[in-house]
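# Fold and contact review
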Amino acid sequence: MGMIRPRPQTYKASWVLLAALLAASLLWGCAPAPSVSEEPSSSPVGTTASIRIHASGIPNPTDADELPDGSLIVGAQDGRIFHVAKNGTVEKIGDLSSSVINSGERGLLGVALEKADATPNELKMYATYIRRSDGDTVLVAATLSVRPYRILKVSEPLIAIAHYNTNHNGGDIVVLPDGRLIVSAGDSGGSGDPLNASQNLESNLGKLLLVDVRQAPTESRVIARGLRNPWRITLDPERSTLWIADVGQDTIEEVDRMMISEIGSPSATIPNFGWPILEGNECFRKNPCTPPRDYLAPIATYRHGPACSIIGGAVARGQYFFADYCDTRVFALPLGAAVGSEPAEVLSLGDASRPSALFASEDGRIWILDVGRGQVLELVLAP
Ligand SMILES: [Ca+2]
């Protein structure tokens, strides 16, 4: 997208969540923190936008979800789970770190709450992390008490996704209204998907998985392929559309979209998002190339420099909001955007920012996790 202007710094293309996180932490420890821009700016989403710091002091937050009372749970890369009260108070409420590899791109990757099943006293939290014993991505279910918020017990892994490399782990979790989950899985890294795993329907790598935790044992099947590192996936409030922020290789980042109705039955088409035949909207390595069967082209793409890794995604106000790990700006796309759309720039988070996730509350508030500053930010749009 043309509005991404080059900045002095350049970054390696690969998704380096935590070499960079460590660097950011060190920087944070020894230099004055640049302040977040709080000056409201006019925004192409039709209103003014500004950033508010909601909570601080969370080391390397990777994912979060909203509790029924409007407070938040936040998962940290090392496996700790924090509660963030509505007034921004941060409290550790659980710790999975003894089970988690916390290194590079590995760690606790995703958290999501099952709110439909919640009782006045407890609810269920799902988490994905890289298992210490073997490096697999595993999905677990934890019981979360309500007064006070505490992780009481954690299940044995419900599914395990084997890796042959240490990066591109995906690991995001979406809870569907019927209690099933969608879990994202990356291609397991290296460069260019050397095993062609993303296209192989026999592999769970480079896929979206529909995970039926209502069954014992848990059942899982592929519902989308051709993804490289779908680090963040987002269900819209109507539960009809899934937005996928798929991290690119050396050149292009992409936003994908699929209909939830497309995952309804075993005979449903399995959309193919093209990796590693295409990176974004261009042929990857072999040019010309033929898009695969059932190919879904990206809704939007943008090129690297300073951008390096797309970070999804919050659906609110009829827009899909996303950011980039190396480019501090937040962008938005209308939910009805056609293939090949140009995202609009909403605002800049400031140079110390390293977004790891965006998400929206039920009431439409937009949150950004910032691993660079260990903060939960709110993107405030004027009414
Ligand atoms: Ca693609």
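Look above for the structure.
Below, the structure is looked at part by part.

Mapping His54 onto the fold places it in strand β2 (residues 47–55). Taking relative accessible area as the criterion, His54 reaches 9% and is therefore assigned buried. Among the polar contacts listed, one links the side chain of His54 to the backbone oxygen of Ala85, at a separation of 3.4 Å. Setting aside anything within four residues of it in sequence, one finds His54 in contact with Leu72, Val84, Ala85, Lys86, Gly88, Trp367, Val376 and Leu377.

The next thing to look at is the coordination of the calcium ion. Looking at the calcium ion, one finds its protein donor set to be Glu254 (OE), Glu254 (OE) and Phe273 (O), positioned 2.1 to 2.7 Å from the metal centre. Residue Glu254 is located in strand β18 (residues 252–259), and its partner Phe273 is located in the loop between β18 and β19 (278–279); the two are separated by 19 residues in the primary sequence. For Glu254, a relative accessible area of 5% gives the class buried.

As a further point, take the state of the cysteines. On inspection of all chains with the given rule, the structure shows two disulfides. For Cys283, the disulfide goes to Cys289, at an S-S distance of 2.1 Å. The chirality of the disulfide connecting Cys283 with Cys289 is left-handed, given an S-S dihedral of about -85°. A sulfur-sulfur separation of 1.9 Å characterises the disulfide bridge that pairs Cys308 with Cys326. Taking the sign of the torsion about the S-S bond as the criterion, the disulfide between Cys308 and Cys326, at about 75°, is right-handed. Remark: Cys326 occurs in the loop between β23 (319–324) and β24 (329–334) and Cys308 occurs in the loop between β21 (300–303) and β22 (310–316); sequence separation between them is 18 residues.

Right, let's talk about the nonpolar core for a bit. Formed by 42 residues in total, the largest nonpolar core has its most connected members in Phe321, Val330, Val346 and Leu379. At five residues, the largest contribution of residues to this core is made by β22. Ile73, Val111, Leu113 and Ala142 belong to the second largest nonpolar core, which has 20 residues in total.

Turning our eyes to something else, we now look at the packing of aromatic side chains. What the rule picks out here adds up to six aromatic pairs. Look at Tyr302 and Phe331: their rings are 6.5 Å apart centre to centre, the planes differ by 25°, and that puts the pair in the stacked class. A residue pair is termed long-range when its members are at least 10 positions apart, and Tyr302 in strand β21 and Phe331 in strand β24 qualify at 29 residues. Across the pair, Phe331 and Tyr302 agree in class, each one buried. The rings of Trp243, Tyr302, Tyr320, Phe322 and Phe331 are connected pair by pair, giving a single aromatic cluster. When the ring centre of Trp275 is taken as reference, the NZ or CZ atom of Arg228 above it lies at 5.7 Å. It is Arg232 that lies over the ring of Trp231; its NZ or CZ is 4.0 Å from the centre.

Burial of strand β7 (residues 108–114) is extensive: seven of the seven residues sit out of reach of the surface. As paired strands, β7 and strand β8 (residues 122–130) are joined by six bridges and run antiparallel to one another. Bridge pairing links Ala112 to Tyr126 in β8.

Cut-offs applied
Residues numbered from 1 in each chain as written. Predicted model: local features only at pLDDT ≥ 70, side-chain atom pairs only at ≥ 80, totals over all residues. Heavy atoms only, no water. Helix = DSSP H or I, 4+ residues; strand = E, 2+ residues; numbered from the N terminus. Buried < 20%, exposed > 50% of the residue type's maximum accessible area, 1.4 Å probe, protein only. Polar contact = N/O pair within 3.5 Å; in protein donor to acceptor, adjacent residues only side chain to side chain. Contact = heavy atoms within 4.5 Å. Donors = N, O, S within 2.8 Å, 3.2 Å for Na, K, Ca; no water. Disulfide = S-S within 2.5 Å. Core = buried A, V, L, I, M, F, W, Y, C linked by side-chain atoms within 4.5 Å. Phe/Tyr/Trp six-rings, centres within 6.5 Å; stacked < 30°, edge-to-face > 60°. Lys NZ or Arg CZ within 6 Å of the ring centre and 35° of its normal. Pairing = 2+ DSSP bridges.

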